[in-house]
Amino acid sequence: MIAYEDVQAMLTSALPGERVETLHLLPGGLATDAYHVRTTDCDIVVKVFRKADPRAELEWARLEFAQRINLPIPKPIALDLQGSWFGSPALVMSCLDGKVELNPPHLDTWLDEVANTLAEVHRTDIAGAGPVTLSSRGVGHWSLLPLERSGLVGRATAALERTTIDGAEDLVLMHGDFHPGNVLWKDGVVSAVVDWSASRVGPRWFEVAYSRADIALLFGLGAARRFTNAYVAKVGCIPVHLAAYDLMCGLVAQHFSSRWLGAFRDQGCRSNEEKFAERAKSFLLQALDQLDT
């Protein structure tokens, strides 16, 4: 937890005249800690990276580029690469209204709204997107994991190693981590999309698969399919390599399911490890079935 006094010193440097009124840690963070700070005149989010983490500067560039998106997203305010505020790199951005909704009263309406939001991200002009194309995370992320070579995981990895993706793809601006924990809601509609640390240009259907995997863990395979149908209806194009991308993202989801569940629980998820494991298995099995047909 960062100290109140250090936050006040940061404000003196980045937002002269502002004073801290409240400070609290935001739930759901995995790689970084994010804090909501209420000042005398505004609300901000302070994101504190691990020591020697090189991603702060890249996230700043991505967040600047993302301002062209036709959605409410945080605005970058100040950046400290040297760690002079908190002893490690930190980024200050605007705080947007809304909260994460992981227990929607009307799931189909919720899925439609999430699909429409992702479609809007993908509609963004990617001209001049140099800074956001640099990422160590991509469609090959699954191959970097210490995966078993037996059972269902072994079948999935073997299937992917036999699969060729031709590269004739629809490239879009991807959020890079588009899951329900990064979507804020207010009055039943999406009010903002946060955490643009992994945004980059990449294959449209890879990001759809990534979102499908998260939705499947939270709500089951049927919900993932309804989300996809809503997205397809919105963008009007046919999925390409979706089964292969499902396998890639499903392997990542299966590997990190316990860790993701902890973050989702912090944000209100009521599920458990058994359900997440069962749903991860179902997601991989359907992808294998689709790839074999």
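Now for a look at the structure at hand. (Residues numbered from 1 in each chain as written. Predicted model: local features only at pLDDT ≥ 70, side-chain atom pairs only at ≥ 80, totals over all residues. Heavy atoms only, no water.)

### Comments concerning the sheet that holds strand β1 (residues 20-25)
Strand order across the open sheet formed by five strands is β1-β2-β3-β5-β4, with antiparallel pairing between neighbours. Lying at the two open borders of the sheet, with one neighbouring strand each, are β1 and β4 (76-80). Averaged over neighbouring strand pairs, the angle between their axes works out to 20° when direction is ignored. In terms of strand pairing, β4 meets strand β5 (residues 90-94) through four bridges, oriented antiparallel. The residue bridging A78 from the neighbouring strand is V92, located in β5. (Pairing = 2+ DSSP bridges. Helix = DSSP H or I, 4+ residues; strand = E, 2+ residues; numbered from the N terminus. Axes fitted to C-alpha atoms, helices over the stretch in contact; angles between N-to-C directions.)

### Quick word on the environment of D170
Counting through the fold element by element, D170 comes out in the loop between α4 (151-161) and β7 (171-174). For the pair D170 and C237, spaced 67 residues apart in sequence, the C-alpha separation works out to 9.8 Å. Setting aside chain neighbours within four positions, we find D170 in contact with G202, P203 and R204. (Contact = heavy atoms within 4.5 Å.)

### Some details on the layout of surface pockets
In this structure, the second largest pocket encloses a volume near 180 Å³. If you trace the second largest pocket, you find it lined by K99, E101, P104, P105, H106, T109, W110, W185, K186, D187 and G188. Where the lining of the second largest pocket is concerned, the elements lending two or more residues are α3 (107-122) and β8 (183-186). (1 Å grid on protein atoms, 1.4 Å probe; cavity = no way out; pocket = protein on both sides within 12 Å on 5 of 7 lines; lining within 4 Å. Points joined across faces, edges and corners; volume = space filled by probe spheres on them.)

### Some remarks on empty space enclosed by the protein
Unfilled space is identified by rolling a water-sized probe across the atoms. Applying the stated rule across the entire model yields two cavities of 30 Å³ or more. Considering only enclosed or pocket space, the second largest cavity measures out at about 30 Å³ in volume. Every residue lining the second largest cavity is listed: V114, F178, H179, P180, V183, S211 and I215. Taken together, the residues that form the lining of the second largest cavity break down as five nonpolar, two polar and no charged. (Nonpolar A, V, L, I, M, F, W, Y, C, P; charged D, E, K, R; others polar.)

### Overview of the nonpolar core
Most often, soluble globular proteins keep nonpolar side chains buried together rather than apart. Of all hydrophobic cores here, the largest spans 76 residues; its most connected members are W196, F227, L247 and L251. The leading source of residues in this core is helix α7 (residues 242-266), at twelve residues. (Core = buried A, V, L, I, M, F, W, Y, C linked by side-chain atoms within 4.5 Å. Buried < 20%, exposed > 50% of the residue type's maximum accessible area, 1.4 Å probe, protein only.)

### Notes on unusual backbone geometry
You will see that D187, though not glycine, has its phi angle at about 55°, which is positive. In this fold, D187 is placed in the loop between β8 and β9 (189-193). We classify D187 as exposed; its relative accessible area is 72%.

### Things to note about the environment of I215
Structurally, I215 can be placed in helix α5 (residues 204-219). Here I215 falls in the buried class, since its relative accessible area comes to 1%. Sequence separation of I215 and A90 is 125 residues, and the distance between their C-alpha atoms is 30 Å. Non-local contacts of I215, meaning those with residues more than four positions away in its chain, are made with L111, P180, G220, A223, A224 and F227.

### Details of the packing of α3 against helix α6 (residues 221-235)
Where α3 contacts α6, the two axes come as close as 8 Å, and the packing angle between them is 45°. By the angle between their axes, α3 is oblique relative to α6. In this structure, α3 meets α6 at a crossing whose hand is right-handed. Contacts between α3 and α6 pair L107, D108, L111, D112, V114, A115, N116, L118, A119 and H122 from the former with A223, R226, F227, A230, Y231, K234 and V235 from the latter. Classifying every residue of the contact of α3 with α6 gives eleven nonpolar, two polar and four charged. (Parallel < 35°, antiparallel > 145°, perpendicular 65-115°, else oblique. Left-handed = near helix turned anticlockwise from the far one by under 90°.)

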